[in-house]
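What follows is the residue order along each chain.
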Amino acid sequence: MKRVLSGIKPSGELNIGGYGGALSQFVRMQEEYECFLFIPDLHAVTVPQDPKELLRRSMDIAAYYIAAGVDPDKAVIFFQSHVPAHAELGWMMETQSHFGELGRMTQFKEKSEGRDSVSAALFTYPSLMAADILLYQATHVPVGDDQKQHLELTRDLAVRFNSRFGETFTVPEPIIQGIGSRIMGLDDPSKKMSKSNPNRNSYILLQDSPDDIRKKLARAVTDSEMTVRYDWDRKPEVSNLIEIYAVFSGESIEAIERRYERQGYGVFKKELAEAVVGKLVPIQERYKEIVDSEELVRILKNGARKAAEAAEQTLVRAKRAMGFVTF
Ligand code: TYM
């Protein structure tokens, strides 16, 4: 049985990076895999969050999953905080994680840099992420490129636990899709597209209006060559835009290069904007219909119940393996 577990944190508005690296993959994979798609809200609070904003964004992400095409009849959709087994197994995974390996995580280094105080939970974040995945015996984890190191640690922890306490967890494979797994900032292709960038022209949010999307893409940095060619070493700005085009149009890189070979950047950027707008507008419309609905609440309650059932089986196995008394 092939099983997927993945999620998007409600720590910022969803941008097209999360769509390219994760959400578009969820939609594709639900046809073939048994999918557990969650909203890792416990992970969001490893850095300070305004409670009202967290509440709103959490429901937003859930609504965007469905609006983008995740089908609640095919995938189990739920909040991490609704399934207590995550926190329980998270603690158990912390006991198996080494201080040194957690300290080497680049995401921890990036997120703690320049902060006066850093929560202990930010440090142990990857242990909880391992628990998220291992609880469901996930075989595959679709993520963007920035989660690679966390997935490697998850695999190490699974192997370590299994060899210490006996076969308990499936060792998961990351699925990092070539195209769309690293969508970079529109102002600087050396930095990942992220809502935490103070320059709001550097990212496109799923909720941006068509006009904003057009403006942001018109302003996106390019180079002085005027040839639409995919070459990350020499033309990172243009390569990033070609990737965004490929994610939103479903076309191959080669087809896009061929079409715009002699067109210059103006036409390319305009048509790129229309490809993004064309995909996002229907998602935004569905999002509006669903975000405040009873239907969404019902889906999430149902999802939490199904997820808890699956998680409980692994939790009990892991507890027995470690020597906890279970009746
Ligand atoms: P998060 O919430 O930062 O991002 C969600 C997913 O989107 C991908 N992503 C990107 N992909 C391409 N280009 C970008 N610019 C971009 N920005 C984000 C991320 O790689 C990720 O796949 N730790 C995770 C959340 C998490 C999780 C899990 C994921 C917690 N437990 C278990 C999978 C399985 C995170 O912070 O993702």
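Definitions and cut-offs
Residues numbered from 1 in each chain as written. Predicted model: local features only at pLDDT ≥ 70, side-chain atom pairs only at ≥ 80, totals over all residues. Heavy atoms only, no water. Buried < 20%, exposed > 50% of the residue type's maximum accessible area, 1.4 Å probe, protein only. Helix = DSSP H or I, 4+ residues; strand = E, 2+ residues; numbered from the N terminus. Pairing = 2+ DSSP bridges. Near = heavy atom within 4 Å. Polar contact = N/O pair within 3.5 Å; in protein donor to acceptor, adjacent residues only side chain to side chain. Areas by Shrake-Rupley, 256 points an atom, 1.4 Å probe, with all protein chains shown as cover. Nonpolar A, V, L, I, M, F, W, Y, C, P; charged D, E, K, R; others polar. Domains from an automatic or database assignment. Contact = heavy atoms within 4.5 Å. Buried area = accessible area lost by both parts, 1.4 Å probe. Salt bridge = Lys/Arg side-chain N within 4 Å of Asp/Glu carboxyl O. Phe/Tyr/Trp six-rings, centres within 6.5 Å; stacked < 30°, edge-to-face > 60°. Core = buried A, V, L, I, M, F, W, Y, C linked by side-chain atoms within 4.5 Å.

Chemist: Would you explain the pairing of strand 2 (residues 34-39) in this entry?
Modeler: Within strand 2, 5 of the 6 residues are buried, leaving the element largely enclosed by the surrounding structure. Looking at chain direction, strand 2 and strand 3 (residues 75-79) are connected through 5 bridges and run parallel. Paired with Ile-39 across the strands is Phe-79, a residue of strand 3.

Chemist: How should I be thinking about the site of the ligand in this particular structure?
Modeler: If you check the shell around the ligand, you find 27 residues, and the closest are Lys-9, Tyr-125, Asp-132, Asp-146 and Ile-183. The contact in question runs from an oxygen atom of the ligand to an N or O atom on the backbone of Gly-144, over 2.9 Å. Measuring from an oxygen atom of the ligand, one finds a side-chain N or O atom of Asp-146 at 2.3 Å. In the complex, 95% of the free accessible area of the ligand, which totals 700 Å², lies under the protein chains. At the level of elements, strand 1 (3-7), helix 1 (16-29) and helix 7 (120-135) are the ones that each hand at least two residues to the shell around the ligand. Partitioned by chemical class, the residues of the shell around the ligand number 12 nonpolar, 10 polar and 5 charged.

Chemist: I keep staring at the domain arrangement of the chain and nothing clicks. Help me out?
Modeler: It is common to give the size of an interface as the accessible area that goes away when the parts come together. Assigned domains within the chain: domain 1 (3-181 + 293-322) and domain 2 (200-288). Of note, the centres of domain 1 and domain 2, computed from C-alpha atoms alone, are 29 Å apart. Contacts between domain 1 and domain 2 engage 17 residues on the former and 16 residues on the latter. Among the residues domain 1 hides against domain 2, the three largest losses belong to Ile-16, Tyr-19 and Tyr-64. Together they make up 43% of the total. Scanning the region where domain 1 abuts domain 2 turns up 0 salt bridges. Put simply, domain 1 and domain 2 have 5 residue pairs in polar contact (both at pLDDT 80 or more) between them. Along the lines of polarity and charge, the residues of the side of domain 1 that touches domain 2 split into 10 nonpolar, 5 polar and 2 charged.

Chemist: Would you take a moment to explain the packing of aromatic side chains for this structure?
Modeler: Any pair of aromatic rings gets described here by the distance separating the centres and the angle formed by the planes. As enumerated under the stated definition, the model contains 13 aromatic pairs in all. Taking the centre distance of 4.3 Å and the plane angle of 10° together, the rings of Tyr-64 and Tyr-287 count as stacked. In this pair, Tyr-64 is assigned in helix 3 (residues 51-68) and Tyr-287 in helix 12 (residues 264-290), connecting sequence segments 223 residues apart. Both rings, one in Phe-99 and one in Phe-123, keep their centres 4.8 Å apart while their planes meet at 45°; by these two values the pair is tilted. In this pair, Phe-99 sits in helix 5 (residues 99-103) while Phe-123 sits in helix 7, placing the two residues 24 residues apart along the sequence. Connected via pairs of aromatic rings, a cluster forms that spans Phe-36, Phe-38, Phe-78 and Tyr-136.

Chemist: Is there a simple way to explain the side chain of Lys-235 in this structure?
Modeler: Along the chain, the position of Lys-235 falls in the loop between helix 9 (210-219) and helix 10 (236-249). You can call Lys-235 buried: its relative accessible area is 0%. From its side chain, Lys-235 meets the backbone oxygen of Thr-227 in a polar contact 3.0 Å long. Every residue in contact with Lys-235, bar those within four places of it in the chain, is listed here: Asp-223, Glu-225, Thr-227, Arg-229 and Tyr-265.

Chemist: Sorry, what's going on with the nonpolar core here?
Modeler: Generally speaking, soluble globular proteins have nonpolar side chains that are buried together. Counting residues in each nonpolar core, the largest one holds 63 residues, and the members touching the most others are Leu-23, Tyr-65, Leu-217, Ile-244 and Leu-280. Top contributing element to this core by residue count: helix 12, with 11 residues. When residues of this core are assigned to domains, at least three map to each of domain 1 (3-181 + 293-322) and domain 2 (200-288). Once residues lying within four places of it in the same chain are set aside, the contact partners of Ile-244 are Ile-16, Ile-183, Leu-186, Leu-272 and Val-276. In terms of nonpolar packing, the next biggest core, distinct from the first, is built from 39 residues, Phe-108, Ala-130, Ala-131 and Ala-311 among them.

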